Amino acid sequence: MTNRENRRPALLVLEDGRSFRGRAWGAEGEVCGEMVFNTSMSGYQEVLTDPSYAGQLVCMTYPLIGNYGVNRADEESARPWVEGFVVREASPVASNWRSEESLDAYLRRWGVPAIERIDTRALVRHIRDKGAMRACLSTVDLEEASLLGKARGSAPMENRELASAVTTAAAYEVAAEGEERFHVVCYDFGVKRNSLTELAALGCRVTVVPASTPAAEVLALGPDGVYLSNGPGDPASMTGVVEEIRRLVGGGVPTFGICFGHQLLGRAFGGTTYKLRFGHRGGNQPVKDLSTGRVEITSHNHGFAVRRESLPPEVEVTHVNLNDGCVEGLRHKSLPVISVQYHPEAAPGPHDAEHHFRRFVELMERRRVAG
């Protein structure tokens with residue numbers, strides 16, 4: 001990036017009128033979406049390529065982003081899904097032996113507009129006070145009133161269905177590593193590659209199917225278990241999918257849901273969901289396991305949560321967030337169904353919650369032994 005290019009102006013305007021002027025980097029353009037923040041100190045490429053960020057502008061709270069570049073191995077999907085990217089300082093240097101491309105070049109290649117040199121602390125404090133809200137980021141229209149109108153005219157996240165935009169177009173398989181022990185069907189609501197890698201490492205052959213796949217088609221595959229992935233949007237918009245999940249779990253198939261999949265399970269059991277004020281996004285969320293008292297530091301990316309008091313007696317809350325007390329894990333008392341709100345597949349980390357994949361495998365083992 002030349003010094004001249006680095007002086008390109010950019011403007012970010014929130015729907016309540018708060019605005020931030022800075023320097024453009026990444027691609028030229030204009031985007032609208034929900035303005036959120038992520039507190040991770042590393043892993044910006046995993047954030048960019050996480051399909052759960054579809055429809056959102058992401059601000060990184062760590063002040064220097066891009067210093068280790070990007071590489072194909074760290075991608076969680078085939079492309080970035082964020083609408084736009086906001087940082088305090090974009091590193092002009094990518095210094096790491098694994099780097100294949102600078103972050104700036106990567107964003108340009110994929111058409112993702114970005115802004116730097118704004119007060120990201122002020123932006124994050126504003127979102128924490130006022131809540132996540134719609135915003136517009138532009139490198140081509142620098143009029144505040146114009147961007148304000150565009151932000152207010154953009155789609156809100158409430159009741160927004162986005163899984164159909166990020167799911168696979170056709171089913172595909174991921175082979176088990178070593179001996180195949182189980183066959184798992186994964187509903188792709190925006191699955192991250194590392195989830196499939198974790199399952200494969202435990203001897204699971206995974207068939208990934210589109211989000212709209214009927215339960216009857218999944219059951220016809222004879223799976224040992226069903227995995228409900230993470231994904232973007234409001235779980236309340238997924239009424240048809242919730243009905244299919246209800247049919248699956250009612251048949252006794254061991255089921256494991258994470259993040260969006262966890263929320264859909266909560267709704268399938270008759271619970272409700274609600275929008276968090278500014279969400280949980282980052283790699284430092286403390287979660288308590290209520291059965292052991294153990295606290296895990298976990299990776300999160302969600303703006304909705306299951307309402308605890310709406311759950312029926314047969315569904316047990318297993319984990320809670322120590323920051324705000326929201327539901328972080330569920331277990332059905334009679335059916336082989338578990339879920340967690342956070343990301344046990346977390347890449348680049350932390351890995352405290354990785355053991356939940358083994359819990360899922362244990363459910364499938366017990367069902368096999370029981371016949």
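One can find the structure itself at the top, above this paragraph.
Residues numbered from 1 in each chain as written. Predicted model: local features only at pLDDT ≥ 70, side-chain atom pairs only at ≥ 80, totals over all residues. Heavy atoms only, no water.

**Focus on the overall build of the chain**
- Looking only at helices and strands, the chain features 11 helices and 19 strands.
- Taken against the 2.2 N^0.38 rule, which gives 21 Å for 371 residues, the C-alpha radius of gyration of the chain at 21 Å falls within 12% of a compact globule.
- On the principal axes, the C-alpha backbone points of the chain span a range of 70 × 45 × 40 Å.
- Out of the 371 residues belonging to the chain, those deemed buried represent 58%.
- Within the chain, residue pairs in contact and separated by at least 24 positions form 75% of the contacts whose partners lie at least 6 positions apart.
- On the chain, roughly 14800 Å² of surface is accessible, and the fraction owed to carbon and sulfur atoms is 48%.
- For the chain, the separation between the mean place of its 42 positive charges and that of its 47 negative charges on side chains is 4 Å. (Helix = DSSP H or I, 4+ residues; strand = E, 2+ residues; numbered from the N terminus. Rg over C-alpha atoms; globule rule 2.2 N^0.38 Å. Buried < 20%, exposed > 50% of the residue type's maximum accessible area, 1.4 Å probe, protein only. Contact = heavy atoms within 4.5 Å. Areas by Shrake-Rupley, 256 points an atom, 1.4 Å probe, with all protein chains shown as cover. Lys, Arg positive; Asp, Glu negative; His and termini not counted. Charge placed at Lys NZ, Arg CZ, Asp CG, Glu CD.)

**Side note on the sheet that holds strand S4 (residues 56-60)**
- Strand order in the closed barrel formed by seven strands is S1-S2-S8-S6-S4-S3-S9, and the pairing between neighbours is mixed. The average angle at which neighbouring strand axes cross in this sheet is 35°, direction not considered.
- For S4 and strand S6 (residues 84-86), the ladder comprises three bridges, and the chain directions are parallel. Bridging across to S6, cysteine 59 finds its partner in valine 86.
- Against the sheet, helix H4 (residues 120-130) makes contact with strand S1 (9-14), strand S2 (19-26), strand S3 (30-38), S4, S6 and strand S9 (133-138), and its axis sits at roughly 80° relative to S3, the strand it touches most. (Pairing = 2+ DSSP bridges. Axes fitted to C-alpha atoms, helices over the stretch in contact; angles between N-to-C directions.)

**As for the nonpolar core**
- Formed by 40 residues in total, the largest nonpolar core has its most connected members in Leu12, Met35, Phe85, Leu103, Leu107 and Leu123.
- Leucine 103 has contacts with Trp25, Tyr44, Leu48, Ile65, Gly66, Gly69, Val70 and Phe85, leaving out every residue within four places of it along the chain.
- By size, the runner-up hydrophobic cluster in this structure holds 30 residues, among which are Val185, Val241, Val242 and Val253. (Core = buried A, V, L, I, M, F, W, Y, C linked by side-chain atoms within 4.5 Å.)

**Overview of empty space enclosed by the protein**
- Evaluated as defined, the whole model comprises one cavity of 30 Å³ or more.
- Approximately 130 Å³ is the volume attributed to the largest cavity.
- Surrounding the largest cavity, 16 residues form its lining, Ser52, Gly233, His302, Gly303 and Phe304 being those nearest its centre.
- Secondary-structure elements contributing two or more residues to the lining of the largest cavity are helix H10 (260-268), strand S15 (273-289) and strand S16 (295-306).
- Here the lining of the largest cavity gets four residues from one element, more than from any other, and that element is S16.
- Counted by class, the lining of the largest cavity contains five nonpolar, eight polar and three charged residues. (1 Å grid on protein atoms, 1.4 Å probe; cavity = no way out; pocket = protein on both sides within 12 Å on 5 of 7 lines; lining within 4 Å. Points joined across faces, edges and corners; volume = space filled by probe spheres on them. Nonpolar A, V, L, I, M, F, W, Y, C, P; charged D, E, K, R; others polar.)

**Brief notes about the sheet that holds S15**
- Here we have 10 strands laid out as an open sheet, ordered S10-S12-S11-S13-S14-S19-S18-S17-S15-S16, and mixed in their pairing. Looking at which strands have only one partner, the edges of the open sheet turn out to be strand S10 (172-174) and S16. Strand-to-strand twist of the sheet, defined as the mean angle between neighbouring strand axes without regard to direction, takes the value 25°.
- In terms of strand pairing, strand S17 (residues 315-321) meets strand S18 (residues 327-332) through five bridges, oriented antiparallel. Residue pairing in the sheet places valine 317 in a bridge with leucine 330 of S18.
- Taken strand by strand, helix H7 (residues 193-201) contacts S10, strand S11 (182-188), strand S12 (204-210), strand S13 (225-228) and strand S14 (255-258), and its axis lies near 150° from that of S12.

**Describing the environment of alanine 268**
- Assignment of secondary structure puts alanine 268 in helix H10.
- Taking the C-alpha atoms as reference points, alanine 268 and arginine 246, separated by 22 residues in sequence, lie 5.3 Å from one another.
- Sequence-distant contacts of alanine 268, defined by excluding residues within four places in its chain, comprise Val242, Ile245 and Arg246.

**Overview of the environment of isoleucine 245**
- Among the structural elements, isoleucine 245 can be located in helix H9 (residues 239-250).
- Sequence separation of isoleucine 245 and proline 214 is 31 residues, and the distance between their C-alpha atoms is 8.9 Å.

**Quick notes on a nonpolar patch on the surface**
- A surface patch of nonpolar side chains, amounting to about 280 Å² of accessible area, comprises Met41, Tyr62 and Leu64.
- Mapped onto the secondary structure, leucine 64 falls in strand S5 (residues 64-65).
- The partly exposed category is assigned to leucine 64, whose relative accessible area is 31%. (Patch = residues over 30% accessible without salt bridge, like charges linked within 9 Å, V, L, I, M, F, W, Y side chains within 5 Å. Salt bridge = Lys/Arg side-chain N within 4 Å of Asp/Glu carboxyl O.)

**A look at the pattern of salt bridges**
- Evaluated as defined, the whole model comprises 21 salt bridges.
- Across the pair aspartate 74 and arginine 98 runs a salt bridge, and its minimum N-O distance is 3.0 Å. Of this pair, aspartate 74 sits in the loop between S5 and S6 while arginine 98 sits in the loop between strand S7 (89-90) and helix H3 (103-110), and the two are 24 residues apart along the sequence.
- Accessibility expressed as a relative area gives 16% for aspartate 74, which makes it buried.
- With a relative accessible area of 31%, arginine 98 lands in the partly exposed category.
- Residue arginine 368 pairs with aspartate 224 through a salt bridge whose shortest N-O separation is 3.4 Å.

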